[in-house]
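Results of the structural survey
Letter by letter, the chains look like this.
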Amino acid sequence: MKRTLPPLNGLRAFEAAARHMSFTDAAEELSVTQAAISHQVRGLEQRLGLKLFVRRNRSLLLSEAGQAYLPAVRGAFDQLNEATEKLLQKDRGGHLTVTTTASFAMKWLVPRLGGFQRANPEIDVRISTGTGLIDFAREDVDIGIRYGRGHWPGLTAERLVSEDVMPVCAPSLLKGPNPLKKPADIKRFTLIHIGNFPDDWQVWLTAAGVKGVDASRGVSFDFAVAAYQAAIDGLGVALGRHPLVAPDLKAGRLVVPFDFKMSSEFAYYLVYPQEAIRRRKIKAFRDWLMPLADLGPRGA
């Protein structure tokens, strides 16, 4: 059903002028000129074919038609104001769903998350983990942290955490009759692989100039945190990605046996649809998170 409604500006001018019984005060409230209020009210009267005000030299009165019309107009604006406040309150608070990988959530994001909750107690964060790409238009996700080169068509991507790749192991492997002291010693230890990065060891061994090691041998895990736990337990040597192993290095659960690391072309990026940043809770999360970029194991 097609609605035939008067211009909104005319209704606003009428409601404000009727509330103040003054075109001057209505103009000040709406940040326009008195002439603009007078013009908008006159246009509304012409549209309705009725006089809404009785104009006198130094006073303004509602006409009979104005008195009849005002409660409905005022009620409509009150309802709009209430609905708007509820909508904004919901966007300020409520749930914020963040998607990232399980390993990054556990090792980097969650240890810092208390800082966001303290600053934004009205927002309840939901962490959704997975490795697949998220369709923001179809899935109930507000913002994401993705691993890659920073190019996702249709999304804003802000570099959050870079990564270096280096061997990591339990401190115990540096001791004993056959300690791990130099890259060539790796041939005596079990290689720990992460399923998402099947070529890591071959690339690292080649870059380090280590020969005589079968890079395909060892134990493989499809979950990075499980691989690093295996290294912590002394099972062998893993290739650590700095954002994920930094807490364990700081705590001494893992050590870097020798100083040879590779810089990765990949990084973790904060990603979101460009228009989403207009939403207050998403902007609040982005503005809290980005200053923590590349700050080490616990930047909060």
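Residues numbered from 1 in each chain as written. Predicted model: local features only at pLDDT ≥ 70, side-chain atom pairs only at ≥ 80, totals over all residues. Heavy atoms only, no water.

Examining the overall build of the protein
Helix and strand content of the protein: ten helices and ten strands. For 300 residues, the compact-globule formula gives about 19 Å, and the C-alpha radius of gyration of the protein, at 32 Å, lies well above that figure. Counting only C-alpha atoms, the protein reaches 105 × 35 × 25 Å along its principal axes. For the protein, with 300 residues in total, the buried portion stands at 42%. Considering only residue pairs separated by 6 or more positions, the protein has 73% of its internal contacts joining residues 24 or more positions apart. Summing over all exposed atoms, the protein offers an accessible surface of approximately 16,700 Å²; the carbon and sulfur share of this is 51%. Averaged over its 40 positive side-chain charges, the protein has a centre that lies 2 Å from the centre of its 31 negative ones. (Helix = DSSP H or I, 4+ residues; strand = E, 2+ residues; numbered from the N terminus. Rg over C-alpha atoms; globule rule 2.2 N^0.38 Å. Buried < 20%, exposed > 50% of the residue type's maximum accessible area, 1.4 Å probe, protein only. Contact = heavy atoms within 4.5 Å. Areas by Shrake-Rupley, 256 points an atom, 1.4 Å probe, with all protein chains shown as cover. Lys, Arg positive; Asp, Glu negative; His and termini not counted. Charge placed at Lys NZ, Arg CZ, Asp CG, Glu CD.)

A word on the nonpolar core
Within the largest apolar cluster, 38 residues are counted, with the highest numbers of intra-cluster contacts made by Phe285 and Leu289. Top contributing element to this core by residue count: helix α8 (residues 224–232), with six residues. Listed in part, the 20 residues of the second largest apolar core include Phe14, Ala18, Phe23 and Phe77. (Core = buried A, V, L, I, M, F, W, Y, C linked by side-chain atoms within 4.5 Å.)

Considering the packing of helix α2 (residues 23–30) against helix α3 (residues 34–48)
Close contact between α2 and α3 brings their axes to 8 Å; oriented N to C, the two are set at 105°. Accordingly, the angle class assigned to the pair α2 and α3 is roughly perpendicular. In this structure, α2 contributes Phe23, Thr24, Ala26, Ala27 and Leu30 to the contact, and α3 contributes Gln34, Ile37, Ser38 and Val41. (Axes fitted to C-alpha atoms, helices over the stretch in contact; angles between N-to-C directions. Parallel < 35°, antiparallel > 145°, perpendicular 65-115°, else oblique.)

Digging into the packing of helix α1 (residues 8–20) against α2
Running from N to C, α1 and α2 cross one another at 125°; their axes reach a closest spacing of 8 Å. Taken together, α1 and α2 sit at an angle that is classed as oblique. Judged by the sense of rotation from one axis to the other, the crossing of α1 with α2 is right-handed. Contacts between α1 and α2 pair Arg12, Ala13, Ala16, Ala17, Arg19 and His20 from the former with Phe23, Asp25, Ala26, Glu29 and Leu30 from the latter. When grouped by side-chain class, the residues that make up the contact of α1 with α2 number six nonpolar, one polar and four charged. (Left-handed = near helix turned anticlockwise from the far one by under 90°. Nonpolar A, V, L, I, M, F, W, Y, C, P; charged D, E, K, R; others polar.)

Observations concerning the side chain of Asp248
The residue Asp248 is located in helix α9 (residues 242–251) in this model. Among the polar contacts made by the side chain of Asp248, one reaches the side chain of Lys107 at a distance of 2.9 Å. Once residues within four sequence positions are removed from consideration, Asp248 is found in contact with Lys107, Ile232, Arg253 and Leu254. (Polar contact = N/O pair within 3.5 Å; in protein donor to acceptor, adjacent residues only side chain to side chain.)

What to know about unusual backbone geometry
Its identity as a non-glycine residue notwithstanding, Met21 has a phi of 50°, on the positive side. By the secondary structure assignment, Met21 is in the loop between α1 and α2. Despite not being glycine, Ser31 has its phi angle at roughly 60°, a positive value. With respect to the helices, strands and loops of the structure, Ser31 is situated in the loop between α2 and α3. Judged by its relative accessible area of 66%, Ser31 is exposed.

Concerning the sheet that holds strand β8 (residues 219–221)
Strand order in this open sheet of eight strands is β4-β3-β5-β10-β6-β9-β7-β8, and the pairing throughout is mixed. Each of the sheet's edge strands pairs with one partner strand only, and the pair in question is β4 (123–129) and β8. For this sheet the average axis-to-axis angle between neighbouring strands, irrespective of direction, equals 25°. Relative to strand β9 (residues 237–241), strand β7 (residues 191–194) runs parallel, the two sharing two bridges. Following the sheet pairing, Ile192 is matched in β9 by Ala238. On top of the sheet, helix α7 (residues 200–208) reaches β6 (155–168), β7, β9 and β10 (262–273); it is set at about 90° to β9, its chief contact. Packed on one face of the sheet, helix α10 (residues 280–289) meets β3 (94–100), β4, β5 (143–148), β6 and β10 and runs near 50° to β3. (Pairing = 2+ DSSP bridges.)

A closer look at α8
Among the nine residues that make up α8, seven are buried, leaving the element largely enclosed by the rest of the structure. Looking at the buried side of α8, the elements it contacts are α5 (102–109), β6, β7, β8, β9 and α9. Positioned one or two residues after α8, Gly234 has a phi angle of 85°, which is positive.

Comments concerning the pattern of salt bridges
A side chain of one charge can pair with a side chain of the opposite charge if their charged atoms are brought near each other. Evaluation of the coordinates by the stated rule reveals 16 salt bridges. Of the charged contacts in the structure, one is a salt bridge between Asp164 and Lys261, with a shortest N-O distance of 3.7 Å. Of the two residues, Asp164 is situated in strand β6 and Lys261 in the loop between α9 and β10; the sequence distance between them amounts to 97 residues. Across the salt bridge formed by Lys182 and Asp185, the nearest N and O atoms sit 3.1 Å from each other. Owing to a relative accessible area of 46%, Lys182 belongs among the partly exposed residues under this scheme. Overlapping salt bridges, with partners in common, bring together Glu15, Arg19, Glu29 and Arg74 in one network. (Salt bridge = Lys/Arg side-chain N within 4 Å of Asp/Glu carboxyl O.)

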